[in-house]
Amino acid sequence: MIDDEAFTVTAYDSDAGPVLACEGELDLDTAPQLTAALEKALAARPAVLHIDLKAVDFISSSGLNVLLRTRLATEESGCVLRLSRPSQAATHLLDITGTTKVFTVTADVPDPRAVL
């Protein structure tokens, strides 16, 4: 888990691929935390990567840039990127920037893989 007072990224595995659950304010100061978590997740070369945006209270253009760069990186590596359960703030930013069209957005997020 990467944690800041204003932003947290929690990573977990699911049967559908890794999930990065984001919470808080994704902006210029906290975007590097998401970038680090994404780089770590993508290093494992997953077929699908999910970013859960349900608990994102605010997202700035810096946060959007991280998502857009990740989309390009996943396309180049053959990974499918899914933005899961975007919050109202995330949905608003995606809508007003027209980037909803370039992401695969889902209404659900995979459950964590059971630990045996």
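For the structure, see preceding data.
For the structure given in this document, a descriptive report is provided here. (Residues numbered from 1 in each chain as written. Predicted model: local features only at pLDDT ≥ 70, side-chain atom pairs only at ≥ 80, totals over all residues. Heavy atoms only, no water.)

**Remarks on the pairing of strand S2 (residues 7-12)**
And step 1. Pairing between S2 and strand S3 (residues 19-26): 6 bridges, direction antiparallel. Residue pairing in the sheet places valine 9 in a bridge with cysteine 22 of S3.
And step 2. Where S2 folds back on S3, the antiparallel hairpin that results is connected by 6 residues, among which glycine 17 adopts a positive phi of roughly 115 degrees. (Pairing = 2+ DSSP bridges. Helix = DSSP H or I, 4+ residues; strand = E, 2+ residues; numbered from the N terminus.)

**Topic: the nonpolar core**
And step 1. Core analysis: the largest hydrophobic core is formed by 26 residues, its most contacted members being Leu20, Cys22, Leu34, Leu49, Ile51, Leu53 and Leu67.
And step 2. Those elements that place two or more of their residues in this core are S2, S3, helix H1 (31-43), strand S4 (48-59), helix H2 (61-77), strand S5 (80-84) and helix H3 (88-97).
And step 3. When residues of this core are assigned to their parent elements, the largest contribution, 6 residues, is made by H1.
And step 4. Not counting the four nearest positions on each side in its chain, isoleucine 51 is found in contact with Leu20, Cys22, Leu38, Leu67, Leu81, Arg82, Leu83 and Ser84. (Core = buried A, V, L, I, M, F, W, Y, C linked by side-chain atoms within 4.5 Å. Buried < 20%, exposed > 50% of the residue type's maximum accessible area, 1.4 Å probe, protein only. Contact = heavy atoms within 4.5 Å.)

**A few points about the packing of H1 against H2**
And step 1. Orientation of H1 relative to H2, taken along the N-to-C sense of each, is 15 degrees, at an axis distance of 9 Å. One element, H1, and the other, H2, form an angle in the roughly parallel class. Pair H1 / H2 crosses with right-handed handedness. Mapping the contact onto sequence places Ala31, Leu34, Thr35, Leu38 and Leu42 in H1 and Ser62, Val66, Leu67, Arg69, Thr70, Ala73 and Thr74 in H2.
And step 2. In terms of residue class, the contact of H1 with H2 is made up of 7 nonpolar, 4 polar and 1 charged. (Axes fitted to C-alpha atoms, helices over the stretch in contact; angles between N-to-C directions. Parallel < 35°, antiparallel > 145°, perpendicular 65-115°, else oblique. Left-handed = near helix turned anticlockwise from the far one by under 90°. Nonpolar A, V, L, I, M, F, W, Y, C, P; charged D, E, K, R; others polar.)

**A few points about the pattern of salt bridges**
And step 1. In the structure shown here, the tally under the stated rule is 3 salt bridges.
And step 2. Between arginine 113 and aspartate 15 there is a salt bridge whose closest N-O contact spans 3.2 Å. Remark: aspartate 15 occurs in the loop between S2 and S3 and arginine 113 occurs in the segment after strand S6 (104-106); sequence separation between them is 98 residues.
And step 3. Between glutamate 75 and arginine 71 there is a salt bridge, with its nearest N and O atoms 2.7 Å apart. Pair noted here: glutamate 75 and arginine 71 are both in helix H2, with a separation of 4 residues, about one helical turn.
And step 4. For arginine 71, a relative accessible area of 18% puts it in the buried group. (Salt bridge = Lys/Arg side-chain N within 4 Å of Asp/Glu carboxyl O.)

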